[in-house]
Amino acid sequence: MKRYLPLLLLAAMMTAVSCKENKQTDSEATTASENLQPSIKGEAVSYASDSTNLKGYIAYDENLKGKRPGILIIHEWWGHNDYVRERADMLAKLGYTAIAVDMYGDGKQASHPDDAGKFAMSVMSNLPEAKARFNAAVALLQAHETVDADKLAAIGYCFGGSVALTMANSGADLDAVAAFHSGVTLPVMPNEQLKARVLVCNGGADSFVSEESVGVFKSAMDSIGATYEYISYPGVVHSFTSKEADANGEKFGLPLAYDADADQKSWNSLQEMLNEVFK
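Model, not experiment: these values are computed from the prediction. (Residues numbered from 1 in each chain as written. Predicted model: local features only at pLDDT ≥ 70, side-chain atom pairs only at ≥ 80, totals over all residues. Heavy atoms only, no water.)

**Student:** Please give an account of the sheet that holds strand β6 (residues 176-180) that cites residues and values.
**Tutor:** Across the sheet, which stays open at both edges, the 8 strands sit in the order β1-β2-β4-β3-β5-β6-β7-β8 with mixed pairing between neighbours. The strands lining the two open edges of the sheet, one partner per strand, are β1 (40-48) and β8 (228-233). Strand-to-strand twist of the sheet, defined as the mean angle between neighbouring strand axes without regard to direction, takes the value 20 degrees. Two elements, β6 and strand β7 (residues 197-203), share 5 bridges in a ladder whose sense is parallel. Across the sheet, Ala179 pairs through a bridge with Val200, a residue of β7. (Pairing = 2+ DSSP bridges. Helix = DSSP H or I, 4+ residues; strand = E, 2+ residues; numbered from the N terminus. Axes fitted to C-alpha atoms, helices over the stretch in contact; angles between N-to-C directions.)

Below is the structure:
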């Protein structure tokens, strides 16, 4: 037995070294997977309500495994444009699958405030059709292979914020809703159908959002015991999250201005809410 002892010890040492190398390899592979940078895939999508053809955009991280919450993003009154798609990409980098929806139909966009106002009014004055277009986007998002259909949120900007709030107040099955530089005088005000946690981020100097309307909104939310946060940024005016705001304000003589600080703070508040809701 003694003559074989050195060979047995050598074999044991080799086995130990081999196991250690395999563990290191597995560990390195896991670390490499965890450290993969987001690879955002953006896809133009066509869908429809019963009466309207719609053109949206879905963004998600291809390197992220498993299902994740889905988020609907509703455009400003200008229509479905590059801005709302950029926000979809930003949410995809945070680990969500996002759809930039089309509330006007055929991806229609406005180049003048008069047209934007008409487009927006046509949606807000026809609530059944607005719901149909919103729900068509919800169905498309829920069916996406990367989405956990039970975890949904909606966010919107300006007109889009009002739409998101209205859909939530109408009983949409959403976990969270966020509205940025959004009116709060809505076709459907907060009521017992509201299920979502709500975040509203508005400029304190936004001439399109009166103090009276904010008071009425808060009172309605308080009356139903809603979970919400209303944030007002002092001295900030309408459209503060859009870098096109200054140019549009100057071009059309409107009180619009981008505010980098309020933009970042409101985005941080959104992330905090989503993290808490979907943790």
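Picking up after the structure, the text goes on.
**Student:** Please provide a residue-by-residue account of the nonpolar core, values included.
**Tutor:** General note: in soluble globular proteins, nonpolar side chains tend to be found buried as a group. Of all hydrophobic cores here, the largest spans 49 residues; its most connected members are Leu72, Phe134 and Leu174. At 7 residues, the largest contribution of residues to this core is made by helix α4 (residues 127-142). In contact with Leu72, other than residues within four places in its own chain, are Ile99, Val101, Phe134, Ala137, Val138, Leu141, Ala153, Ala154, Ile155 and Leu174. Of all hydrophobic cores here, the second largest spans 30 residues; its members include Tyr157, Ala176, Ile231 and Ala262. (Core = buried A, V, L, I, M, F, W, Y, C linked by side-chain atoms within 4.5 Å. Buried < 20%, exposed > 50% of the residue type's maximum accessible area, 1.4 Å probe, protein only. Contact = heavy atoms within 4.5 Å.)

**Student:** Could you give me a rundown of the pairing of strand β5 (residues 147-157), with the residues and numbers involved?
**Tutor:** As defined by bridge partners, strand β3 (residues 68-74) adjoins β5 across 6 bridges and the pair is classed as parallel. Paired with Ile73 across the bridge in β5 is Ile155. Sheet analysis places β5 next to β6, joined by 5 bridges and oriented parallel. Bridge pairing in β6 links Tyr157 to Phe180.

**Student:** Tell me what's going on with the pairing of strand β4 (residues 97-100), and back it up with residues and numbers.
**Tutor:** Residues Thr97 and Ile99 of β4 are buried on one face, and the alternating residues Ala98 and Ala100, pointing to the opposite face, are buried as well. The pairing of strand β2 (residues 53-61) with β4 spans 3 bridges and is antiparallel. By the bridge assignment for β4, Ala59 is matched with Ala98. For β3 and β4, the ladder comprises 4 bridges, and the chain directions are parallel. Within β4, the residue paired with Ile73 across the bridge is Ala100. Following the chain from β3 across helix α2 (residues 82-93) to the adjacent parallel β4, one finds a crossover that is right-handed. (Right-handed = clockwise from strand over helix to strand, strands pointing away.)

**Student:** Help me get a handle on the pattern of salt bridges, residues and values and all.
**Tutor:** If you walk through the whole model with that rule in mind, you get 5 salt bridges. In this structure, Glu276 and Arg197 form a salt bridge, with 2.7 Å as the shortest nitrogen-oxygen distance. Separated by 79 residues along the polypeptide, Glu276 in helix α8 (residues 260-277) and Arg197 in strand β7 bring together distant segments of the chain. The partly exposed category is assigned to Glu276, whose relative accessible area is 41%. The exposure class of Arg197 is partly exposed, given its relative accessible area of 27%. (Salt bridge = Lys/Arg side-chain N within 4 Å of Asp/Glu carboxyl O.)

**Student:** Explain the side chain of Asp263 to me, and be specific about the residues and the numbers.
**Tutor:** Turning to its location among the elements, Asp263 is positioned in helix α8. Beyond its immediate chain neighbours, meaning those up to four positions away, Asp263 contacts Arg87, Phe240, Thr241 and Tyr258.

**Student:** Can you tell me about the packing of aromatic side chains, naming the residues and giving the values?
**Tutor:** Scanning the entire structure with this criterion turns up 9 aromatic pairs. With 6.3 Å between their ring centres and 55 degrees between their planes, Tyr96 and Phe278 make a pair best called tilted. Highlighted residues: Tyr96 in the loop between α2 and β4 and Phe278 in the segment after α8, separated in sequence by 182 residues. By the burial criterion, Tyr96 is buried, and Phe278 matches it. Taking 5.5 Å as the distance between ring centres and 40 degrees as the angle between the ring planes, the aromatic pair formed by Tyr104 and Phe159 counts as tilted. Remark: Phe159 occurs in helix α5 (residues 159-169) and Tyr104 occurs in the loop between β4 and α3 (113-124); sequence separation between them is 55 residues. Tyr104 sits in the buried class, given a relative accessible area of 5%. Counting every residue linked through ring pairs, the aromatic cluster contains Trp77, Trp78 and Phe252. The cationic tip of Lys108 hangs over the ring face of Phe119; the distance from NZ or CZ to the ring centre is 4.5 Å. (Phe/Tyr/Trp six-rings, centres within 6.5 Å; stacked < 30°, edge-to-face > 60°. Lys NZ or Arg CZ within 6 Å of the ring centre and 35° of its normal.)

**Student:** Tell me about helix α6 (residues 211-223), residues and numbers included.
**Tutor:** Here α6 contains 13 residues, and its C-alpha end-to-end distance of 18 Å stays within 8% of the 18 Å for a straight helix at 1.5 Å per residue. On its buried face, α6 is in contact with β7 and β8. Taken from the residues just after α6, Gly225 is the one with a positive phi, measuring 65 degrees. (Expected span 1.5 Å × (residues − 1).)

**Student:** Tell me about α8, residues and numbers included.
**Tutor:** For α8, with 18 residues, the first-to-last C-alpha span of 26 Å sits near the 26 Å given by 1.5 Å per residue. Residues of α8 that are buried: Ala262, Asp263, Ser266, Trp267, Ser269, Leu270, Met273 and Leu274. Seen along its axis, α8 keeps its buried residues to an arc of 160 degrees; they face one direction. Against the buried residues of α8 lie β3, α2, β5, β6, β7 and β8. (Arc of directions from axis to C-beta.)

None of the figures reported here should be taken as evidence of function without further support.
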